[in-house]
Amino acid sequence: MSEEPETTPAEPVAEPVVEPAAEPAAQPEQTEAQPEPETQPGPDTQTDGEAAPTTATAEEPAAEQEGTEEPDESSGEQLDPDRTNVIVSQGRVSTGADDVKLIDSDAVLIDSLQTNLSQEALTPQPSIVKNQDGQDTLTVTIKKDNGTTDTVTVVIKQETVRRAFLGGWRHRETGKEYHNSSVQTIPKRNYDTSMKRSCRETQTVTQKNERCQTTSDTSTQMTKTGCWVSDREDKIIIPGKYVSADDKFAYMLRQVIILQSYFRRWKARKYVDSIRQDHIRRIEWEKKEEERKRKEKERRLREEYQRRMQPLGKEDFDLVYHALELWRREEVENINATKSGPERKAALAGLMDEETQLIASIQRHKLIAKTETNKKKKKGFLDRCAAPKEWIGFDGMPTKMDTPYTMRAKDLKMTYESLDKRYLTREERLDILLQLKLTVKEHDCKLTKDIVELIDREADLLMRGTKEKNLEGLRQRISTLFLQYIKTPLFNPEAANLLKVPEDPSSLRKNIYYCRGCGNYLPSTDFELTTNARTIGRCRKCKDLDGEGRLREDFSRYRSLLQSIRETEESYSDSSRIIFLLTEADLRYLAENIWGAQSVLSQWEDTYDLTLVRWNKRKEWSPWNCILLTNEEARAHSKLAKPEEAYGTVFTQKVKYRHILGKQHFASMPKLSDYMNKNLKNVNMPLPSNADKVMFGGVRKKEETLSLPPLAEGAM
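Everything in this summary refers to the structure shown in the same document. The written sequence of each chain sets the order in which its residues are numbered from 1. Local features in this predicted model are restricted to residues whose pLDDT is 70 or higher, and side-chain atom pairs enter the listing and the counts only when it is 80 or higher, whereas totals over whole chains, interfaces and linings include all residues. Just so you know, side-chain values use all the structure's heavy atoms and leave hydrogens and water out.

Looking at the pattern of salt bridges
Here's step 1: Here a salt bridge means any side-chain nitrogen of Lys or Arg lying within 4 Å of a carboxyl oxygen belonging to Asp or Glu. This structure, assessed with the given rule, holds 44 salt bridges.
Here's step 2: With a closest N to O distance of 3.4 Å, Glu315 and Arg559 form a salt bridge. Taken together, the residues span a long stretch of sequence, with Glu315 in helix H5 (residues 314–338) and Arg559 in helix H12 (residues 556–572) at a distance of 244 residues.
Here's step 3: Whether a residue is buried, partly exposed or exposed follows from its accessible area with a 1.4 Å probe, protein chains only, as a fraction of its type maximum: under 20%, in between, or over 50%, in that order. By relative accessible area, Arg559 is classed as partly exposed at 27%.
Here's step 4: A network of salt bridges, in which partner residues are shared, links Glu289, Arg292, Lys293, Glu632 and Arg635. The numbering of helices and of strands both runs from the N terminus, where a helix is a DSSP run of H or I of at least 4 residues and a strand a run of E of at least 2.

A short note on a nonpolar patch on the surface
Here's step 1: A cluster of nonpolar residues, Phe249, Tyr251 and Met252, forms a patch on the protein surface that exposes about 340 Å² of accessible area.
Here's step 2: On the secondary structure map, Tyr251 appears in helix H4 (residues 245–309). Patch membership needs two things, relative accessible area over 30% and no salt bridge, and members are linked within 9 Å if like-charged or within 5 Å if nonpolar (Val, Leu, Ile, Met, Phe, Trp, Tyr). Using the Shrake-Rupley algorithm and a 1.4 Å probe, accessible areas are obtained, with residue cover drawn only from the displayed protein chains.

Let's talk about unusual backbone geometry
A negative phi angle is the norm for most residues apart from glycine, just as the trans form is the norm for most peptide bonds.
Here's step 1: Positive phi is not limited to glycine here, since Tyr423 has a value of about 60 degrees.
Here's step 2: With respect to the helices, strands and loops of the structure, Tyr423 is situated in the loop between helix H7 (404–419) and helix H8 (426–440).
Here's step 3: Given a relative accessible area of 83%, Tyr423 falls into the exposed group.

With respect to the environment of Gln363
Here's step 1: With respect to the helices and strands, the residue Gln363 is situated in helix H6 (residues 342–386).
Here's step 2: Excluding its chain neighbours within four sequence positions, the residues that come into contact with Gln363 are Tyr321 and Glu548.
Here's step 3: In the analysis that follows, any N or O atom pair within 3.5 Å is treated as a polar contact, provided that within protein one partner can donate a hydrogen and the other can accept it, and provided that, for residues neighboring in sequence, both atoms belong to side chains. Polar contacts involving the side chain of Gln363 include one to the side chain of Tyr321, which spans 2.6 Å. Note on definitions: a residue-residue contact is assigned when non-hydrogen atoms from the two residues lie within 4.5 Å.

What about the pairing of strand E10 (residues 398–401)?
Here's step 1: Where strand E9 (residues 389–392) meets E10, four bridges bridge the pair, whose relative direction is antiparallel. The residue bridging Ile392 from the neighbouring strand is Pro398, located in E10.
Here's step 2: By this definition, two strands are paired if DSSP reports at least two bridges between them. Turn length for the E9-E10 hairpin, with the two strands adjacent in sequence and antiparallel, is five residues, and the turn residue Gly396 shows positive phi of about 85 degrees.

Description of the packing of helix H13 (residues 584–594) against helix H16 (residues 649–666)
Here's step 1: Fitting a line to C-alpha atoms yields each axis, with helices limited to the stretch in contact; the angle taken between N-to-C directions then spans 0 to 180 degrees. Interhelical geometry of H13 versus H16 gives an angle of 140 degrees and a closest axis separation of 11 Å. Considering only the axes of H13 and H16, their crossing is right-handed. Facing H13, whose interface residues are Asp586, Tyr589, Leu590 and Ile594, H16 presents Arg658, Leu661, Gly662, His665 and Phe666.
Here's step 2: When grouped by side-chain class, the residues that make up the contact of H13 with H16 number five nonpolar, two polar and two charged. Working rule for handedness: look at the near helix, and if it is turned counterclockwise from the far one by less than a right angle, call the crossing left-handed; if clockwise, right-handed. Under the scheme applied here, ten amino acids are nonpolar (Ala, Val, Leu, Ile, Met, Phe, Trp, Tyr, Cys and Pro), four are charged (Asp, Glu, Lys and Arg), and all others, including Gly, are polar.

The following block contains the structure:
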């Protein structure tokens, strides 16, 4: 904010006109509006420092302007916007005799307006006069710091644009007003942006390259009279044979044919080399595959031999009995073929004696294996009871924790293992018996009393010097009773999570069925139902005994085949269900009776290399949507999208016929009858005329109901 030289208030000031030669717009600044030359701005006046050197304002007194209200002195309110601004343009400077035209009026004003504003306020005000052009002019004398004075002629331009009032301030002591002046430059001109100012044609240069042949003068010098030219370096040029266009193209064609022949030879050699390499790799793969099959067969035979020599589980003994049955049939056929009459009967009797001895030997092995199996089961039960609780923590590491129940089970396990130790001294055995006695005396019941009584008896016999072999029966009774003690949830709470028998005996009365073989009442878990069973038959033990005595079948191969088919069907993730309803016997019937126990393509008969895969891989596996192939053939068959087109009509009809046979057999199963009835129309194969009869077995028989006698109180 600055105080500018004031003009005579008697003459009105017209609206200023922006001079075209003015500099760019400056920031708004405050100018003096009240013409009071005898008063200087007080210390409380709000200013912006020195006034801008390019502006000077002449305004009428605030009292003579209409609409101007005097605001409160303490508030410093802004004034009304009814004001005009005077703009300083280029003028002339006078230094006595010489007049020099200003090159830049703004620079002169910057130097001239730095004088003391208080002194300029006391100087007489200049008057406004008109020059020859009819413009209002104002002559201002400015005193410099070096003592000289300059006279500036200010030309007042009439502004056509009305400036907006930007506010101002009033001096609280003197009452003088100071207004914020607007910019002095011409407003920025708004050009029409829709007009096209430039284009690509005017901004780019079109270049063009042309070849040109410049003219050059040449001359030839020859030997003539008065001029000799040496011919030492001359050459004799003899014209060759003329080649026409047809000859040239024929030559080019011959060369192209030569190039093509070499290229085709190179390509053919490359193709033959690739075939040769494929053939070599194929031969190597076949050798490795044969070696793998040979090793696999040797391993399988070695495992079977080991299972026959040292059978442990039920599957191992089934294999032994199956081998015994094969041997018996072979011997019977040999006897029937070579002998007759009494000699044949005697040979058959001797064969029966040998078979009886072999069965007795197998039973002895079975008892030994059962003992070893029971020991493993007991050890596994104790290990699971004493195992700490384990889970995966937030950091991904396993965390283990021992509870009071697992610690109790661990103590009982250590005590039981110490009871089974052999070759101990008498003092060590007595210490173990004393520890066992203290353990079981924590509870008072019939079981603990029996254990304490047996412990006292063994201790008394040890003190009498009884031999170890005479105490084996007594020690076995102590171990059996203590194991029963460990399995009781009242004494070992952790055992409740591992026992299959419920704690409530009344729940054992549910789901009890009668076995027609042994005549016992057994729970439902002791019965094995086949897929075509409609009634409950014999229990598992009766079926196993019948298998050992008469049938002697081995389902180990078909058990592994069934497991592999189920794993393959699970990988399809299309809700395949039928394969999970079949058993090993059903799969054996499907492979042997329907497909002939050999591959349909190669007639390979080794059952360990055969598998049943889907005929149409878009449908779920079923006896009417499968095919028996080798493992290699099955992998190739799984890549076929439409097997009917790949194999041909004859082979397809052969497979369809096998599908009809499988459907006729398995349609009688109760589990599959409802499924086939719902999906009968969706099966894409010809059905026999008696499909309903085959599917439901003709006239449905009334299901046999079991009339069970009432259970006695002591039956359990």
